[in-house]
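Commentary on secondary and tertiary structure
The lines below spell out each chain.
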Amino acid sequence: DAGVIQSPRHEVTEMGQEVTLRCKPISGHNSLFWYRQTMMRGLELLIYFNNNVPIDDSGMPEDRFSAKMPNASFSTLKIQPSEPRDSAVYFCASSPGGGNHNEQFFGPGTRLTVL
Amino acid sequence: AQSVTQLDSQVPVFEEAPVELRCNYSSSVSVYLFWYVQYPNQGLQLLLKYLSGSTLVKGINGFEAEFNKSQTSFHLRKPSVHISDTAEYFCAVGTQGGSEKLVFGKGTKLTVNP
């Protein structure tokens, strides 16, 4: 199994540009999570999906952020317009679902730099 | 709401020394507890988890953790560390019967020196 796949691994963009981060969860996993990691705030859950449906988006910072999961094998996190304070490492994770006692499997992350 | 406090942001130790990384949590309901490890430029990996039963949990790479309900703690220990254990360690809590959300602590960076 290839694990959780994220692309791109690194993204450098200018303020005001649209950024799209991509995630392919582990096949057969029903839950998908988007996290943001910064030095100041640590690891924060942005949103999670179960069976492609958004369950909790209370961590999404503002309307500039949106996430979609059009099918079981693909999800995107979009920032439009991007700002320097969005610079962070964004992780996608997946789990089998069915309860939070299950391990979450993390991707390698996308390091976003907004200039 | 749940919260997790990792009391030490950085812990330096010498190789082959024992180490304890501290984690305290706050929750009004029963919890599941996890320790994850993050090596440089990688995602997080599960070290161990406590769901129920024995309060002493053994994980990968020789780590273990003890759940203490009265002290609301879940400290991580290893009797003898290696250089390769240098990484950041995250404690996380989830609610039993609740959503799939986990709340993570801010992490403890363990540096093992020769």
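Residues numbered from 1 in each chain as written. Chains lettered and ligands numbered in written order. Predicted model: local features only at pLDDT ≥ 70, side-chain atom pairs only at ≥ 80, totals over all residues. Heavy atoms only, no water.

Another aspect to go through is the interface of chain A and chain B. With 27 residues of chain A at the interface, the matching set in chain B holds 20 residues. Taken together, the links from chain A to chain B amount to 1 salt bridge. When the shortest N-O distance is used, the salt bridge between Lys101 of chain B and Asp56 of chain A registers 3.3 Å. There are 8 residue pairs in polar contact (both at pLDDT 80 or more) connecting chain A and chain B. Counting residues per element, the ones that place at least two in the side of chain A that touches chain B are strand E4 (31–38), strand E5 (42–50) and strand E9 (88–95) of chain A. Of the residues in the side of chain A that touches chain B, the class split is 9 nonpolar, 13 polar and 5 charged. (Contact = heavy atoms within 4.5 Å. Salt bridge = Lys/Arg side-chain N within 4 Å of Asp/Glu carboxyl O. Polar contact = N/O pair within 3.5 Å; in protein donor to acceptor, adjacent residues only side chain to side chain. Helix = DSSP H or I, 4+ residues; strand = E, 2+ residues; numbered from the N terminus. Nonpolar A, V, L, I, M, F, W, Y, C, P; charged D, E, K, R; others polar.)

Attention now goes to the pairing of strand E7 (residues 65–71) of chain A. Residues and elements named next belong to chain A. The sheet contact formed by E7 and strand E8 (residues 74–79) spans 5 bridges and is antiparallel. By the bridge assignment, Ser66 is partnered in E8 with Lys78. Here E7 hands over to E8 after 2 residues, the two strands then running antiparallel side by side. (Pairing = 2+ DSSP bridges.)

Residues and elements named next belong to chain A. Read across the open sheet, the 4 strands follow the order E1-E3-E8-E7; overall the sheet is antiparallel. Two strands close off the open sheet at either side, each with one partner strand: strand E1 (5–7) and E7. Strand-to-strand twist across the sheet, computed as the mean angle between neighbouring axes with direction ignored, equals 15 degrees. The pairing of strand E3 (residues 19–24) with E8 spans 5 bridges and is classified as antiparallel. Its bridge partner lying in E8, Val19 is registered against Ile79. (Axes fitted to C-alpha atoms, helices over the stretch in contact; angles between N-to-C directions.)

Within the largest apolar cluster, 28 residues are counted, with the highest numbers of intra-cluster contacts made by Leu33, Trp35, Leu47, Leu48, Phe74, Leu76 and Tyr89 of chain B. Among residues more than four places away in sequence, those in contact with Leu47 of chain B are Trp35, Tyr36, Val37, Gly59, Ile60, Phe63, Leu76 and Tyr89 of chain B. By size, the runner-up hydrophobic cluster in this structure holds 21 residues, among which are Leu21, Trp34, Met69 and Cys92 of chain A. (Core = buried A, V, L, I, M, F, W, Y, C linked by side-chain atoms within 4.5 Å. Buried < 20%, exposed > 50% of the residue type's maximum accessible area, 1.4 Å probe, protein only.)

Our next topic: unusual backbone geometry. Residues and elements named next belong to chain A. At the junction of Ser7 and Pro8, the peptide bond is cis and its omega measures out at -10 degrees in the coordinates. Within the fold, Pro8 resides in the loop between E1 and strand E2 (10–13). Cis geometry is found at the peptide bond from Gln80 to Pro81, where omega equals -10 degrees. One can find Pro81 in the loop between E8 and E9. Of note in the backbone geometry, Asn51 takes a positive phi value of approximately 50 degrees without being a glycine. Turning to its location among the elements, Asn51 is positioned in the loop between E5 and strand E6 (53–56).

Our next topic: the state of the cysteines. Inspection of the entire model under this criterion finds 2 disulfides over all chains. Each sulfur of the disulfide joining Cys23 of chain A and Cys92 of chain A lies 1.9 Å from the other. Handedness here is read from the sign of the S-S torsion; for Cys23 of chain A and Cys92 of chain A, about -65 degrees, the answer is left-handed. Of this pair, Cys23 of chain A sits in strand E3 while Cys92 of chain A sits in strand E9; the two residues are 69 residues apart in sequence, bridging distant segments of the chain. The pair Cys23 of chain A / Cys92 of chain A is uniform in exposure class, with both members buried. For Cys23 of chain B, the disulfide goes to Cys91 of chain B, at an S-S distance of 2.0 Å. What sets the handedness of the Cys23 of chain B and Cys91 of chain B disulfide is the S-S torsion sign, and at about -65 degrees it is left-handed. Highlighted residues: Cys23 of chain B in the loop between strand E3 (19–21) and strand E4 (24–26) and Cys91 of chain B in strand E10 (residues 87–95), separated in sequence by 68 residues. A relative accessible area of 0% places Cys23 of chain B in the buried class. (Disulfide = S-S within 2.5 Å.)

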